[in-house]
Amino acid sequence: MKCPVCRNLMIVVEHDKIEVDHCVHCGGTWFDAGELELFLETKELEDPHLYPAYFTTAPEAKTSEKKRKCPICGKKMRKVNIGEKPKVLIDACPKGDGLWFDGGEVDQLISQLAEKPAQTADSHGHVMGFIGKVFKSRK
Ligand SMILES: [Zn+2]
Ligand SMILES: [Zn+2]
């Protein structure tokens with residue numbers, strides 16, 4: 001699969017039996033809808049705001065960030081805020097194929113997680129923590 005930002009081929013990274021596609025050039029990560037659901041199920045998280053279907057209807061965030069195209073269907077992705085603290089702006093496929101996290105966004109996330117090592121109890125925190133771990137395991 002090609003990176004929606006820099007067009008380089010992404011590599012598959014496995015963590016906790018969940019596979020994500022990672023671009024080593026720009027540091028972004030693609031979270032496939034199926035993988036995201038699997039992750040939520042294994043963690044027994046039932047927050048509907050985390051299921052891929054939610055992101056197809058979630059309110060779009062106001063931003064000047066450039067729109068990216070979904071690496072699966074090629075449609076322009078929607079900008080959606082995820083999480084409370086830290087809040088991260090992600091790109092979501094309008095058809096629910098998956099979610100894209102920019103490299104910079106993940107770095108932001110990791111530094112915030114590092115400041116607060118205590119596990120956040122909410123389900124957004126679980127997803128953020130997982131993505132943070134995927135990236136830590138890469139370094
Ligand atoms: Zn890239
Ligand atoms: Zn798509």
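Residues numbered from 1 in each chain as written. Chains lettered and ligands numbered in written order. Predicted model: local features only at pLDDT ≥ 70, side-chain atom pairs only at ≥ 80, totals over all residues. Heavy atoms only, no water.

**Regarding the coordination of the zinc ion (ligand 2)**
Part 1 of the reasoning: Within the protein, the zinc ion (ligand 2) binds to C70 (SG), C73 (SG), C93 (SG) and D97 (OD); these donor distances fall in the range 1.9 to 2.3 Å.
Part 2 of the reasoning: All donor residues of the zinc ion (ligand 2) come from one chain, and their arrangement in sequence is C-x2-C-x19-C-x3-D. Of the two residues, C70 sits in the loop between α2 (52-57) and β4 (78-82) while C93 sits in the loop between β5 (88-92) and β6 (98-101), which places them 23 residues apart along the sequence.
Part 3 of the reasoning: The class of C93 is buried, set by a relative accessible area of 1%. (Donors = N, O, S within 2.8 Å, 3.2 Å for Na, K, Ca; no water. Helix = DSSP H or I, 4+ residues; strand = E, 2+ residues; numbered from the N terminus. Buried < 20%, exposed > 50% of the residue type's maximum accessible area, 1.4 Å probe, protein only.)

**With respect to the sheet that holds strand β2 (residues 18-22)**
Part 1 of the reasoning: Judged by pairing direction, the sheet is antiparallel, and its six strands sit side by side in the order β1-β2-β3-β6-β5-β4 without closing on themselves. Of all the strands in the sheet, the pair left with one neighbour each is β1 (11-15) and β4. Neighbour-to-neighbour, the strand axes of this sheet turn through a mean angle of 35°, independent of strand direction.
Part 2 of the reasoning: Two elements, strand β3 (residues 29-32) and β6, share four bridges in a ladder whose sense is antiparallel. Across the sheet, residue F31 finds its bridge partner in β6, namely L99.
Part 3 of the reasoning: Along the sheet, helix α1 (residues 33-42) contacts β2, β3 and β6; its crossing angle with β3, the most-contacted strand, is approximately 70°. (Pairing = 2+ DSSP bridges. Axes fitted to C-alpha atoms, helices over the stretch in contact; angles between N-to-C directions. Contact = heavy atoms within 4.5 Å.)

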